[in-house]
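Given next are the chains, with one letter for each unit.
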Amino acid sequence: MNTPSLAAAEPPLLLDETFPETRVLFGMARAEVAQLSATRAIAEQWAAIADTLREASDFPDVFVENLRPTDNASELAVRAAAADLAVRLGMTENAVRNHAHEAGLLRTRTPHVWAWFREGEFAVPNARTVADLVAHLPEDAWDAFDTAMAEHRLLAPPRFRARARAVASRLDQATLTERHQRAAKERRVWMEPAVDGMAWLNLHLTIEQCRRAFATIDRMARNLQVPGETRTLNQLRADVAADLLGGVLGSANTRGTGVSIAVTVPVMTLLGLEDTPGTLDGLTPIDADTARRLAGHAPSFTRILTHPITGTVLDIDRNPEHIPADLLRWQRFMHPICDFPGCGRPAAECDIDHTIAKADNGTTTDANVGPLCRNHHRVKHHTKWSLTRDATGITWTSPTGHTTRGDPPPF
Ligand SMILES: [Zn+2]
């Protein structure tokens, strides 16, 4: 994996495929050549993405229209272009922007690494490590970092990362205090879905904040270790943390958080006749028992029965300024996330977009409204992205003419 060079293989005396030794050598050579081309192709893709986003920024008219005087044309054009690339490449827009960012850093700050990468002789994870670290290095350290990383390029990713971190911290003249202040600015909270109806909630905090939070959770969990308590210390800590952070699944402590969660329950499940799973917010599958429990008892949940769905008020032109609760609930069920293909932003955090604007006689009906996150709402209104809705669903057309169908409803 470290040596993409073909020269390493000692040729057998007889290149005869009837010998297993020969076939094995051919197999290894094929794998090495494939890796070389794959890495080259990735580098070329990053470069193409970076170049395209730069064109969008320099020549925004290719992508934008209907701008207001306060709009930043370049910024909107880059959004529209990133969305266009994301749909064509089947990637998230974040991935598109990251690749452009990484290519930009490698090209300008570590040209030797970039050159090896373009040749296919610098592993992709190692290139990402270099981009990640050089982003935080002061300008006078770039050259030395570039040289050192090019020298270590054949190390396997975990060893490469350790070496690269060591070199970077040696080259970074900033004091520990400055580095800590810089790192503390990166604190954040994020969620990662896992399998079997689980997920991770990650907090990246200062060590003091972490210690304090953990000590509190640990103390409260230990206080709950009374005779008869069957949960393990780990389980107690997890439940305590979930309660403290306002988790709605942890316990009954859900009032007053202002969080509304839609729980979707198949009606046959609710009646106890079947065990078809339900969903939370139309996305996360939950087992039948949990779905029944939440639908039955938790007041902070919006309950949605998946069948039969009738009697939903969809025609409400009499009061076009207002999106009625029924329509909103129906919408959240049919469109649990932003209507832009590939976007994962939950509908609860989205704007409700009128496909045909109310000013152009668009109606506030299910056929004409849908959730768009703030980003994609702006992209739709101020760039050349366009959207049509009809009985069969949603079609998006990109500024460069690529069409794509919206994701189907969740059943
Ligand atoms: Zn979106």
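Everything below is about the structure printed above this text.
These numbers come from a predicted model, not from an experiment.

## Notes on the sheet that holds strand β10 (residues 393-397)
- Strand order in the open sheet formed by 3 strands is β9-β10-β11, with antiparallel pairing between adjacent strands. Either end of the sheet is taken by a strand with one partner, and the two such strands are β9 (386-390) and β11 (403-405). For this sheet, the mean angle separating the axes of adjacent strands, direction not counted, is 20°.

## A word on the nonpolar core
- Counting residues in hydrophobic clusters, the biggest one holds 54 residues, and the most contacted among them are Leu106, Phe117, Phe145 and Met149.
- Elements that contribute at least two residues to this core include exactly α1 (20-58), α2 (73-89), α3 (93-109), α4 (111-118), α5 (124-134), α6 (142-151), α7 (157-171) and β10.
- If one sorts the elements of this core by residue count, α2 sits on top with 9 residues.
- Leaving out residues up to four positions away in the same chain, Phe117 has contacts with Thr39, Arg40, Ile42, Ala43, Trp46, Leu106, Phe122, Val124 and Ala127.

## Some details on the coordination of the zinc ion
- Those protein atoms acting as donors to the zinc ion are Cys338 (SG), Cys343 (SG), Cys373 (SG) and His376 (ND1), and they sit at 2.0 to 2.4 Å.
- Classification of the site at the zinc ion as tetrahedral follows from its 4 donor atoms and the range of 95 to 117° in their angles at the metal.
- In the primary sequence, the donor residues of the zinc ion line up as C-x4-C-x29-C-x2-H. On the criterion of sequence distance, the pair formed by Cys338 in the loop between α13 (325-334) and β7 (351-354) and Cys373 in the loop between β8 (369-372) and α14 (374-382) is long-range, its members being 35 residues apart.
- By relative accessible area, which is 4% here, Cys373 ends up buried.

## Thoughts on the pairing of β9
- Here β9 shows a buried face lined by Leu387 and Arg389 and an unburied face lined by Ser386, Thr388 and Asp390.
- Looking at chain direction, β9 and β10 are connected through 5 bridges and run antiparallel. Directly across from Asp390, in β10, lies its bridge partner Gly393.

## Here's the deal with the pairing of strand β2 (residues 199-204)
- Examined bridge by bridge, strand β1 (residues 188-193) and β2 share 6 bridges and lie antiparallel to one another. Counterpart to Pro193 in the pairing with β2 is Ala199.
- Linking β1 to β2, which pair antiparallel, is a turn of 5 residues; within it Asp196 sits at a positive phi near 60°.

Basis of the calculations
- Residues numbered from 1 in each chain as written.
- Predicted model: local features only at pLDDT ≥ 70, side-chain atom pairs only at ≥ 80, totals over all residues.
- Heavy atoms only, no water.
- Pairing = 2+ DSSP bridges.
- Helix = DSSP H or I, 4+ residues; strand = E, 2+ residues; numbered from the N terminus.
- Axes fitted to C-alpha atoms, helices over the stretch in contact; angles between N-to-C directions.
- Core = buried A, V, L, I, M, F, W, Y, C linked by side-chain atoms within 4.5 Å.
- Buried < 20%, exposed > 50% of the residue type's maximum accessible area, 1.4 Å probe, protein only.
- Contact = heavy atoms within 4.5 Å.
- Donors = N, O, S within 2.8 Å, 3.2 Å for Na, K, Ca; no water.
- Tetrahedral: all angles 85-135°; square planar, octahedral: opposite > 155°, others 65-115°.

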